[in-house]
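Understanding the architecture of this molecule
Residue-level listing of the chains:
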Amino acid sequence: MIPRRFRLKRSVLFKKACTSGKVIGHTRYFTLLGLPRLYQSDTPTRFGFVISKKVCNRAVGRNKVRRRLREIVRLEVIYPFAERIKPYIAIVLLARRTITEASYQELRQALTDCLAKSKPEQGTESPTP
RNA sequence: GGAGUUGGACAGACGAUCGCGGUUGGGGGCGCUAACGCGGCCCCAACUGAGGAAAGUCCGGGCACCACAGGGCAGGUCGCCGGGUAAAGGCCCGGUGGGAGCGAUCCCGAGGAGAGUGCCACAGAAAUGAAGACCGCCAGGAUGGCAACCCUAUCCUGGUAAGGGUGCAACGGUGGUGUAAGAGACCACCGGCAGGAUCGGAAGGUCCUGGCCAGGUAAACCCCGACCGGUGCAAGACAGGAAACACACAAAGACGGCCCGUCUGUUUCCGCCACGUCGCUAGAGCCUUACGGGCAACCGGAGGCCCAGACAGAUGAUCGUCCAGAACAGAACCCGGCUUAUGGACAACUCCGCCC
RNA sequence: GCCCUCGUAGUUCAGUAGGAUAGAACGUCUCACUCCUAAGGAGAAUGUCGGUGGUUCGAGUCCGCCCGAGGGCA
């Protein structure tokens with residue numbers, strides 16, 4: 001589990017990230033959606049996870065996928081990719097159906113590769129007010 | 001050793017590193033306040049943190065609101081007897097009756113067809129009304145073989161439900177007496193029905209007597225008996241203020257299909273409102289028992305315990321050891337059941353084979 | 001979490017009150033017509049009625065239990 005201050009808890013922000021967030025990464029297991037910051041601030045980037053019933057019809061399977069993703073985010077993303085994720089106020093991981101076939105190691109590799117390869121967009125470093 | 005039946009329990013354990021929900025305690029700094037204090041944030045420690053099915057949402061309740069849910073109709077549900085439980089008409093226990101199995105044991109939706117209505121296709125003479133004669137059997141008559149009798153063929157009239165055929169099903173079954181041929185017409189046994197006696201708390205069992213009158217379907221309508229108001233925690237509460245009109249009736253509303261009855265003044269504007277707090281977990285609670293009652297389900301007594309309460313929603317990742325790289329699977333207001341999914345062990349019992 | 005609805009040919013639907021072989025339209029295939037194709041014409045095939053037990057002589061229909069799809073609820 002990731003600490004409380006990194007969680008995407010506000011429902012409005014969650015919906016906004018899902019509907020108007022930009023795709024900042026895409027693999028065969030999941031899609032990354034990022035909502036850019038409107039103001040420069042030091043508040044931490046918050047993470048949300050979407051695992052629909054289409055991924056797995058059983059609650060146990062969905063829980064396992066979500067817990068793995070959160071563990072990877074906690075250990076491999078928040079501090080190692082701090083500069084990479086800073087421009088976004090919220091990031092949502094959208095799980096795809098194939099994620100149930102992936103092991104923990106494969107998921108970790110996919111997520112770190114995805115963040116390392118993609119480059120930050122121009123202009124997001126100095127957002128418009 | 002093999003095949004099988006039933007029952008209860010368990011749901012990997014321990015250790016290490018990183019990490020999370022809740023409660024309690026301590027600390028840090030921030031905001032509001034004149035102050036007392038209040039609010040949320042971060043850090044540390046201790047304790048605690050999913051299931052036997054948490055599932056399907058199939059029954060029964062608690063709880064909340066609608067009137068502390070009242071009467072009738074409609075509608076729905078259940079159906080051998082007795083007991084258990086908060087309740088159950090669907091659950092559990094014991095019994096009765098029926099069925100399956102060599103057996104341990106298992107299954108049953110088991111009120112009424114003797115209140116009424118409907119249906120029983122095709123086939124068949126006839127499908128419910130003591131109805132019905134297709135083939136057959138028997139008697140009588142007519143005609144022919146043949147002049148006549150016997151015999152026989154065809155036709156007509158009548159008797160006959162024993163035999164054939166049809167069908168899931170044809171109005172008790174088997175054997176005998178009887179008869180022109182036959183028939184519960186009569187007799188014996190069996191089955192069913194009615195009455196009586198007796199046993200049992202009851203369903204029902206056993207015995208005696210009578211007479212032969214009774215097709216199936218009620219998971220078809222229905223009858224009898226019993227029960228059920230509706231909506232569901234997205235229930236609901238915190239949660240209101242002002243103005244105008246009216247004060248009887250009426251209208252409208254009170255979340256059910258209809259009627260009755262009961263209750264409530266109405267309208268507009270502002271505020272609140274999908275994101276706060278409560279409801280939200282100590283309860284028909286769990287564990288133990290060489291205690292008492294009961295065949296049992298269960299009840300009572302005694303002792304001990306507090307055992308998740310989230311709100312984008314907490315249990316994961318990696319490694320080591322053990323007999324192991326187990327299955328189904330995740331609380332969302334809470335309980336009691338049922339059903340379905342599923343792992344490896346254990347115990348008791350039954351049948352068969354072999355050995356002592 | 002709670003409450004509902006629906007599963008029938010390849011597709012969209014009928015089939016109320018049980019009766020034998022389950023229908024219609026579109027689509028598919030075949031044959032003629034044409035130099036060839038389309039349209040029009042003639043004909044044919046197509047179903048474990050979502051699955052599984054039960055009631056009944058007999059189930060798409062009636063009754064359980066599962067599976068799948070869809071919808072609604074401050």
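Just above, that's the structure.
Treat the numbers as computed from the prediction; the structure is a model and nothing was measured. Per-chain numbering applies: the sequence of each chain, read as written, is numbered from 1 onward. Key to labels: chains lettered from A, ligands numbered from 1, both in the order written. In keeping with the predicted nature of the model, local features appear solely for residues at pLDDT of at least 70, side-chain atom pairs appear and are counted solely at 80 or more, and the whole-chain, interface and lining totals rest on all residues. For the side-chain quantities, the full set of heavy atoms in the structure was used; hydrogens and water were omitted.

Structural notes on the pairing of strand β1 (residues 22–26)
Strand direction decides the pairing type here: β1 and strand β2 (residues 30–36), joined by four bridges, are antiparallel. Directly across from His26, in β2, lies its bridge partner Thr31. Whether two strands pair depends on DSSP finding at least two bridges between them. Helix and strand labels come from DSSP, where a helix needs a run of H or I of at least four residues and a strand needs a run of E of at least two; each type is numbered from the N terminus. The loop that links β1 with its antiparallel partner β2 comprises three residues.

Side note on the pattern of salt bridges
For this analysis, a salt bridge means a side-chain nitrogen from Lys or Arg found within 4 Å of a carboxyl oxygen belonging to Asp or Glu. For the coordinates displayed, the defined rule picks out two salt bridges. Notably, a salt bridge pairs Arg28 with Glu101, separated by 4.0 Å at the nearest N-O pair. Separated by 73 residues along the polypeptide, Arg28 in the loop between β1 and β2 and Glu101 in the loop between β4 (88–95) and α4 (104–117) bring together distant segments of the chain. The buried label applies to any residue whose accessible area, calculated with a 1.4 Å probe on protein chains only, is under 20% of its type's maximum; exposed applies above 50%, and partly exposed to all values in between. Residue class for Glu101 comes out exposed when judged on its relative accessible area of 58%.

Describing α4
Expected helix span is computed as 1.5 Å times (number of residues minus one). For α4, which comprises 14 residues, the first-to-last C-alpha distance of 20 Å matches the rise-based estimate of 20 Å (1.5 Å per residue) to within 8%. Along α4, the residues that are buried comprise Leu107, Ala110, Leu111, Thr112, Cys114 and Leu115.

Points about the packing of helix α2 (residues 59–77) against α4
Angle between the axes and distance between the axes are the two parameters that describe a pair of packed helices. In this analysis, axes come from line fits to C-alpha atoms, helices being fitted only over the stretch in contact, and the angle between any two N-to-C directions falls in the range 0 to 180 degrees. Between α2 and α4, the shortest axis-to-axis distance is 10 Å and the interhelical angle comes to 50°. Judged on the interaxial angle alone, α4 and α2 are oblique. Between α2 and α4 lies a crossing of right-handed hand. Between α2, through Arg68, Leu69, Glu71, Ile72, Val73, Leu75, Glu76 and Val77, and α4, the contact on the second element is made entirely by Tyr104, Leu107, Arg108, Leu111, Thr112 and Leu115. Each residue is assigned to one class: nonpolar for Ala, Val, Leu, Ile, Met, Phe, Trp, Tyr, Cys and Pro, charged for Asp, Glu, Lys and Arg, and polar for all the others, Gly among them. Here the contact of α2 with α4 is composed, by residue class, of nine nonpolar, one polar and four charged. Comment on the angle field: the value is read as roughly parallel under 35 degrees, roughly antiparallel over 145, roughly perpendicular from 65 to 115, and oblique elsewhere. Throughout, a crossing is termed right-handed when the near helix is turned clockwise from the far one, and left-handed when it is turned anticlockwise from it by less than a right angle. Throughout, a residue-residue contact means that at least one pair of heavy atoms, one from each residue, lies within 4.5 Å.

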